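Given next are the chains, with one letter for each unit.
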Amino acid sequence: MIEQFLRFGVVGTVGFVVDSAVLLGMMALGAGPYGGRVVSYLVAASTTFALNRAWTFRSARRDAPVAAQWGRFVLLNLAGFAANYGTYAALVAGLPLVAANPVLGVAAGSLAGMFINFGLSRRFVFQGG
């Protein structure tokens, strides 16, 4: 399980980079820091799902169609998303430094949701992995 958690952390780091890049891109296109973050989170969640399926939990059962497994991943990880986005939004709203540099909020939010998402992914999305 420690090796899986470390892999999950590496994948989460990739997800953080994707999340941050998409957020900055969305903001450059005129989206605000909140709406842009919803889009960036979905892109990052899709990226981390694919990487976790292929690498972190590669020995998991593959009896569910990929689309169904992705849907379960996104649905169950809403708990992690709530911790992630809640942390992000509170920091953007409450700290001028984070409001000026929203990637700091993305990092804090990512850490807040990481443990929740690992537990849910391991137990309910990638069983047997």
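Each chain carries its own residue numbering, running from 1 in the written order of its sequence. The predicted origin of the model limits local features to residues at a pLDDT of at least 70 and limits the giving and counting of side-chain atom pairs to 80 or more, whereas totals for whole chains, interfaces and linings rest on all residues. Note: side-chain values were computed over all heavy atoms of the structure, leaving out hydrogens and water.

**Regarding the overall build of the protein**
And then number 1: What counts as a helix is a DSSP run of H or I of at least four residues, what counts as a strand is a run of E of at least two, and both are numbered from the N terminus. Across its full length, the protein carries six helices and zero strands.
And then number 2: Seen in sequence order, the protein has helices and strands lined up from the N terminus as α-α-α-α-α-α.
And then number 3: By the compact-globule yardstick of 14 Å for 129 residues, the protein fits well, its C-alpha radius of gyration being 15 Å.
And then number 4: Pairs at least 24 apart in sequence give 74% of the contacts found in the protein among residues at least 6 apart.
And then number 5: Working definition of accessibility: Shrake-Rupley area with a 1.4 Å probe, residue cover restricted to the visible protein chains. Only carbon and sulfur atoms are counted for the fraction: they give 74% of the accessible area of the protein, which is about 6,500 Å². Our radius of gyration looks at C-alpha atoms and nothing else; its globule reference is 2.2 Å times the residue count to the power 0.38. Note on definitions: a residue-residue contact is assigned when non-hydrogen atoms from the two residues lie within 4.5 Å.

**With respect to the packing of aromatic side chains**
And then number 1: Each Phe, Tyr or Trp ring (for Trp, its six-membered ring) is paired with any other whose centre lies within 6.5 Å, and the angle between the two planes then decides the class: stacked below 30 degrees, edge-to-face above 60, tilted in between. Using the criterion set out here, one finds 12 aromatic pairs in the structure.
And then number 2: Judged by centre distance (5.2 Å) and plane angle (70 degrees), the ring pair of Phe8 and Phe118 falls under edge-to-face. Separated by 110 residues along the polypeptide, Phe8 in helix 1 (residues 2-28) and Phe118 in helix 6 (residues 102-125) bring together distant segments of the chain.
And then number 3: Whether a residue is buried, partly exposed or exposed follows from its accessible area with a 1.4 Å probe, protein chains only, as a fraction of its type maximum: under 20%, in between, or over 50%, in that order. A relative accessible area of 8% places Phe118 in the buried class.
And then number 4: Taken together, the aromatic side chains of Phe5, Phe8, Phe49, Phe57, Phe73, Phe115, Phe118 and Phe126 make up a single cluster linked through ring pairs.
And then number 5: Geometrically, a lysine NZ or arginine CZ counts as sitting over a ring once it is within 6 Å of the ring centre and also within 35 degrees of the ring normal. Looking at Arg37, its charged tip hangs above the ring of Tyr88, at a distance of 4.7 Å from the centre.

**Observations concerning the packing of helix 4 (residues 78-94) against helix 6**
And then number 1: Helix axes are fitted to C-alpha atoms over the stretch in contact, other axes to C-alpha atoms as well, and angles between N-to-C directions run from 0 to 180 degrees. Packing of helix 4 against helix 6 brings their axes to within 7 Å, and their N-to-C directions diverge by 160 degrees. Relative to helix 6, helix 4 is oriented roughly antiparallel. Crossing handedness for the pair helix 4 and helix 6: right-handed. Mapping the contact onto sequence places Ala79, Gly80, Phe81, Ala83, Asn84, Thr87, Tyr88 and Leu91 in helix 4 and Pro102, Gly105, Val106, Ala108, Gly109, Ser110, Ala112, Gly113, Ile116, Asn117 and Leu120 in helix 6.
And then number 2: Three classes are used: nonpolar for Ala, Val, Leu, Ile, Met, Phe, Trp, Tyr, Cys and Pro, charged for Asp, Glu, Lys and Arg, and polar for all others, with Gly counted as polar. Looking at the contact of helix 4 with helix 6, its residues break down into 11 nonpolar, eight polar and no charged. Angular relationships are summarised with four words: roughly parallel below 35 degrees, roughly antiparallel beyond 145, roughly perpendicular across 65 to 115, and oblique for the angles in between. Crossings are assigned a handedness: left-handed for a near helix turned anticlockwise from the far helix by less than a right angle, right-handed for a clockwise turn.

**Side note on the nonpolar core**
And then number 1: Formed by 20 residues in total, the largest nonpolar core has its most connected members in Phe8, Phe57, Phe73, Tyr85, Tyr88 and Phe126.
And then number 2: Among the elements of the structure, helix 1, helix 2 (35-56), helix 3 (66-76), helix 4 and helix 6 are those that each provide at least two residues to this core.
And then number 3: Here this core takes five residues from helix 4, the largest share from any one element. Residues enter a nonpolar core if they are buried and are Ala, Val, Leu, Ile, Met, Phe, Trp, Tyr or Cys, with the set joined through side-chain atoms within 4.5 Å.

**Observations regarding the packing of helix 3 against helix 6**
And then number 1: Running from amino to carboxyl end, helix 3 crosses helix 6 at an angle of 145 degrees, the nearest separation of the two axes being 10 Å. Crossing of helix 3 over helix 6 shows right-handed handedness. For the pair formed by helix 3 and helix 6, the contact residues are Gln69, Arg72, Phe73 and Leu76 on the first element and Leu120, Ser121, Phe124 and Val125 on the second.

**As for helix 3**
And then number 1: Those residues of helix 3 not exposed but buried are Gln69, Phe73 and Val74. The buried residues of helix 3 occupy one face: seen down the axis, they fall within an arc of 135 degrees. Facing away from the buried side of helix 3 by over 90 degrees, the exposed positions are Ala67 and Leu75.
And then number 2: The inward-facing, buried residues of helix 3 contact helix 2, helix 4 and helix 6. By definition, the arc is the one covered by directions from the helix axis to the C-beta atoms.

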